[in-house]
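Structure assessment
Below are the chains, spelled out letter by letter.
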Amino acid sequence: MSIHTLPRVRRTAAAAVTTALALALTACGGDESGSGQAKTGGAGKVTVTDATGTEVEVPAKPAKVVALSEMDLDSALALGVKPIGLTAGRGQKGAPGYLAGRAGDIPVVGAVTGPDIEKVLRAKPDVILAGQLADPKVLQQLKAVAPTVVTIGKDKDWKKALDLTGRVLGKQNEAKTFLTGYENKVAALEKKLGPRAGATVSVARYSAKGTAVMQQGVFISDILKDLGFKRPGVQNERGQGHSTPISDEDIQQIDGDWLFIGTLAAKGKDADLFAELKTKPAYRQLGAVREGHATEIDGSKWTSLGGGLAALSVLDDIEKAMAK
C-alpha cells in the first residue's frame, strides 16, 4: 500500500463556512470553469497546462505562492521564490529537514493528508501549487481561493514538475538553468566515482513499521538512474506504492555494494528504533555494512517526493560516501 495517502480536507465548521464564502465570491467574479477565459488570458496573466492537461490562467509574476507538497516547496525555493504557505513534510511538523534553513518560518497550511482550506484562504495566495492532489472536491475548493495548478504527474518526475513550476511562477529561464546545472553536476560526479559508477546501490527507509526499500518510479530511483547505478532485487521493479516493506527476517534484501538508509526524522521513535536495528546481527552481517559502505541518510530528503534542491543535495551525499 502506498505511503502517499489521498489528500483530504480538514473538515471543520469554520473551514466549510469560509470555503462556501470563497466559492460565492469567485462565482461573482467570473466563471472559473470556463476554458475560454483561460485560453485567451488577460492583462498580466498567462495560461499554463498543468500535469493533468488542464489549462489554468495564472498571474504572470505571482508574488504570493502556496505550496501544497514537498516537491512544490522544493521547486519554488530552487527558483528563488519563497512560498507564503506550505504543507508539512512527511514525519515533520513543518518543512522537510533539508529545507528547514530556507523554509522554517513559512506558515503550515496543511499536512500530507491534505490542505486546511481555511488556512489557505487566509493566506490570500495569488497561485496555489497543488502537487499531485487528485481529489476533485478539494481541487474545486482550492480553485475558489486562487488559480490552482497540479504540478506533479503520475510519473512523479521532479524535472517535469520543476519546468512546469517555472512556467507558473514566471521563472522559465531559472528552471532551465537549474536543470542544466544538475545535469552538469551528474556528469562531474560520474567521473569522480570512476569504477564505482557501476555499483549496485540500495536505498531503504526505517520506521516503526520496519524497513522499506525504494523501488522504481520515485524520486531517488530517478537520481540513481541518472548516475547509472544498478539496483538490487525488487528495487529494479516498479512498486505498487512509494516503497516496499521488508521484514527483519528478510533484511538481506536491502543489501548492495552500497547502502543508504535512514529515517524521516533525526529524532523520535523511528530514529530510536533505527539505532536498535543497527545493533542487530542480521543488519551488521549485510555486505555493505561489513565493508563500511552503509551511509545513514536524511529520509525526508532521500525517500520522500524530492525536488531539485533535494537532488543536488543527494548528489553531494553520494559524493561524500562513494567518491573517495
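See the structure shown above.
First, a word on what this report is: a plain description of the structure on this page.

Here is what the cut-offs are and how they apply
Residues numbered from 1 in each chain as written. Predicted model: local features only at pLDDT ≥ 70, side-chain atom pairs only at ≥ 80, totals over all residues. Heavy atoms only, no water. Salt bridge = Lys/Arg side-chain N within 4 Å of Asp/Glu carboxyl O. Helix = DSSP H or I, 4+ residues; strand = E, 2+ residues; numbered from the N terminus. Buried < 20%, exposed > 50% of the residue type's maximum accessible area, 1.4 Å probe, protein only. Contact = heavy atoms within 4.5 Å. Polar contact = N/O pair within 3.5 Å; in protein donor to acceptor, adjacent residues only side chain to side chain. Axes fitted to C-alpha atoms, helices over the stretch in contact; angles between N-to-C directions. Parallel < 35°, antiparallel > 145°, perpendicular 65-115°, else oblique. Left-handed = near helix turned anticlockwise from the far one by under 90°. Pairing = 2+ DSSP bridges.

**Observations regarding the pattern of salt bridges**
Inspection of every chain in the model, using the stated rule, returns 13 salt bridges. In this structure, Glu-118 and Arg-122 form a salt bridge, with 3.2 Å as the shortest nitrogen-oxygen distance. With Glu-118 and Arg-122 both in helix α5 (residues 117-123) and 4 residues apart, the pair spans about one turn of that helix. Its relative accessible area of 55% is what places Arg-122 among the exposed residues.

**Quick notes on the environment of Ile-246**
Mapped onto the elements of the fold, Ile-246 is located in strand β11 (residues 243-246). Take Ile-246: its relative accessible area is 9%, and that puts it in the buried class. Once the C-alpha coordinates of Ile-246 and Val-213 are considered, the two residues, 33 residues apart in sequence, prove to be 7.2 Å apart. If we skip the residues at most four places from it in the chain, Ile-246 touches Thr-211, Ala-212, Val-213, Ile-251, Gln-253 and Ile-254.

**A few points about helix α6 (residues 136-145)**
Taken residue by residue, α6 has Val-138, Leu-139, Gln-141, Leu-142, Ala-144 and Val-145 as its buried positions. One side-chain oxygen of the residue at the start of α6 lies 2.9 Å from the amide nitrogen of Lys-137, identifying that residue as Asp-135.

**Thoughts on the packing of helix α9 (residues 219-226) against helix α14 (residues 308-322)**
Remark: α9 packs on α14, axes separated minimally by 11 Å, with the N-to-C direction vectors making an angle of 55°. As the angle between them shows, α9 and α14 are arranged oblique. Of the two elements, α9 crosses α14, and the hand of that crossing is right-handed. Taking contact as the criterion, the partners of Phe-219, Ile-220, Ile-223 and Leu-224 in α9 are, on α14, Ala-310, Ala-311, Val-314, Leu-315 and Ile-318.

**Regarding the sheet that holds β11**
Spatially, 5 strands are ordered β11-β10-β9-β12-β13 in an open sheet, and the strand pairing comes out mixed. Of all the strands in the sheet, the pair left with one neighbour each is β11 and β13 (294-298). The average undirected angle you get between the axes of adjacent strands in this sheet is 30°. Docked against the sheet, helix α10 (residues 269-277) engages β9 (201-207), β10 (210-214), β12 (258-263) and β13, running at close to 125° with respect to β9. Strands β9, β12 and β13 of the sheet are contacted by α14, whose axis makes an angle of about 130° with β12.

**Digging into unusual backbone geometry**
Notably, Lys-124 is not glycine yet its phi reads approximately 55°, a positive angle. Summarising the element assignment, Lys-124 is placed in the loop between α5 and β7 (127-129). A relative accessible area of 60% means that Lys-124 is categorised as exposed. Although it is not a glycine, Lys-156 sits at a positive phi angle of roughly 55°.

**Some words on the pairing of strand β2 (residues 55-59)**
Pairing of strand β1 (residues 45-49) with β2, which is carried by 5 bridges, proceeds in the antiparallel orientation. Across the sheet, residue Thr-49 finds its bridge partner in β2, namely Glu-55. Counted between consecutive antiparallel strands, the loop separating β1 from β2 contains 5 residues, among which Gly-53 sits at a positive phi close to 90°.

The quantities given are spatial measurements derived from coordinates; they are silent on function.
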